[in-house]
Amino acid sequence: MTQRTTRGILTRLQEGVVIGGEGYVFELERRGYIKAGPYVPEVILDFPEAVRELHREFLRAGCEVMVALTYYAHREKLRDVGRENDLEQMNRQAVRLANEVAREGDALIAGNICNTWSYDPNNPESSGKVVRAQYEEQLGWAVEEGIDFVIAETNDYLGEALIGLDVIKKLGLPAMITLASVQPEQTRDGYDYVEACKILADHGADIVGLNCDRGPATMLPIIEKVRAAVPCYVAAQPVPYKTHSHAPTFESLELENGTRAFPLALEPFLHNRFEMADFARQAQALGVNYIGICCGGSPHYVRAMAEALGRTAPASKYSPAMELHPMLGTQVEAKDEVFLTDWKA
Ligand SMILES: [Zn+2]
């Protein structure tokens, strides 16, 4: 067991790249603990050991941040599944589980808020109050249970992201604000993604960028522009799927028969671990500071990405040694060269 140090997120970012890892909701759905559709993390109360185990697998893979599984654990979503009475307990327990496992290594604990589905850009004043109340409630509990910083993610609206940022700053915590990028160029309230990141940085966000929706090929070109536009730290957490110019998001990927692959039939589009390792290297070369993965992510990707960035993770003890494979051992080539991808192609 490693002793947890007191190095906070900003110190770590100053020293080098921080490796993140998310996609807990997708992974726990695949494992049979979360219902696809509502995607409410009921697993926190129903099977806490499953959450602990997944945190532990990401930690062993080299992830430096345990993100509390409070994604969609807000009032609006819990009402959908008839569990709004569990709201406080679910939020507190999620932070506790992240804390427990973070202390098994040297990881930080991030509180987590996301798009609420309550924000209405045509009525930003009154809908904004509802959003603010949800964030204050969730993060109030998170702070009491113990977090190091907050990740506000998959923000569809700049307006909603700014509310999250304000709530985090009033709590005196570092803020990482990342946007969803479902639309081709702009947030749903009409801001170019790069401009939206710049506005967030101007309002005091410590880390800005994108998470979810896009694979490396369609996320990196936007991230490169964000990097050039903001003075603060930049985050990129793509999904490990082969998005491309005609289907820039995983929501737009189609199976051969023309049906939508999102969210339950995405397997044919998965990147392999070498390609995600290559993403990590290219993101680092672009000057991205927080490099991770989102929906579809799992520990083997994080380990490959961590190793590509020169780290040795606890799970590196069991990293491939294909030269010892009885059949393939004599045919092994330098794996990193074999899979190098030109993301801009
Ligand atoms: Zn995601």
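These notes cover the structure that comes with them.

Calculation criteria
- Residues numbered from 1 in each chain as written.
- Predicted model: local features only at pLDDT ≥ 70, side-chain atom pairs only at ≥ 80, totals over all residues.
- Heavy atoms only, no water.
- Helix = DSSP H or I, 4+ residues; strand = E, 2+ residues; numbered from the N terminus.
- Rg over C-alpha atoms; globule rule 2.2 N^0.38 Å.
- Buried < 20%, exposed > 50% of the residue type's maximum accessible area, 1.4 Å probe, protein only.
- Contact = heavy atoms within 4.5 Å.
- Donors = N, O, S within 2.8 Å, 3.2 Å for Na, K, Ca; no water.
- Patch = residues over 30% accessible without salt bridge, like charges linked within 9 Å, V, L, I, M, F, W, Y side chains within 5 Å.
- Areas by Shrake-Rupley, 256 points an atom, 1.4 Å probe, with all protein chains shown as cover.
- Salt bridge = Lys/Arg side-chain N within 4 Å of Asp/Glu carboxyl O.
- Axes fitted to C-alpha atoms, helices over the stretch in contact; angles between N-to-C directions.
- Parallel < 35°, antiparallel > 145°, perpendicular 65-115°, else oblique.
- Left-handed = near helix turned anticlockwise from the far one by under 90°.
- Nonpolar A, V, L, I, M, F, W, Y, C, P; charged D, E, K, R; others polar.

## Quick notes on the overall build of the protein chain
- If you tally the helices and strands in the protein chain, you get 13 helices and 8 strands.
- Computed over the C-alpha atoms, the radius of gyration of the protein chain is 19 Å, within 12% of the 20 Å expected from 2.2 N^0.38 for a compact globule of 345 residues.
- Considered along the principal axes of its C-alpha atoms, the protein chain spans approximately 65 × 45 × 45 Å.
- Here the protein chain holds 345 residues, and the buried ones make up 55% of them.
- Sequence-distant contacts in the protein chain: of pairs separated by 6 or more residues, those separated by 24 or more amount to 75%.

## With respect to the coordination of the zinc ion
- Donor atoms from the polypeptide that bind the zinc ion are Cys212 (SG), Cys294 (SG) and Cys295 (SG), placed at 2.2 to 2.3 Å.
- For the zinc ion, the single-chain donor residues occur in sequence as C-x81-C-C. One end of the pair, Cys212, is in the loop between strand 6 (207–211) and helix 10 (216–229); the other, Cys294, is in the loop between strand 8 (290–291) and helix 12 (299–308), and 82 residues separate them in sequence. Grouping residues by exposure puts Cys212 and Cys294 together as buried.

## Some words on a nonpolar patch on the surface
- Taken together, the side chains of Met322, Met327 and Leu328 define a hydrophobic patch exposed on the protein surface, amounting to about 270 Å² of accessible area.
- Here Met322 shows up in the loop between helix 12 and helix 13 (335–338).

## Quick word on the environment of Arg56
- Here Arg56 lies in helix 4 (residues 48–61).
- With 42 residues separating them in the primary sequence, Arg56 and Ala98 have C-alpha atoms 9.2 Å apart.
- When sequence neighbours within four positions are dropped, the list of residues in contact with Arg56 reads Glu49, Val101 and Glu104.

## What to know about the packing of helix 4 against helix 6 (residues 87–102)
- Their axes nearest at 9 Å, the elements helix 4 and helix 6 cross at an angle of 40°. Here helix 4 lies oblique to helix 6, going by the angle between them. Considering only the axes of helix 4 and helix 6, their crossing is right-handed. Mapping the contact onto sequence places Pro48, Val51, Arg52, His55, Arg56 and Leu59 in helix 4 and Gln93, Leu97, Ala98, Glu100 and Val101 in helix 6.
- Of the residues that constitute the contact of helix 4 with helix 6, the class distribution is 6 nonpolar, 2 polar and 3 charged.

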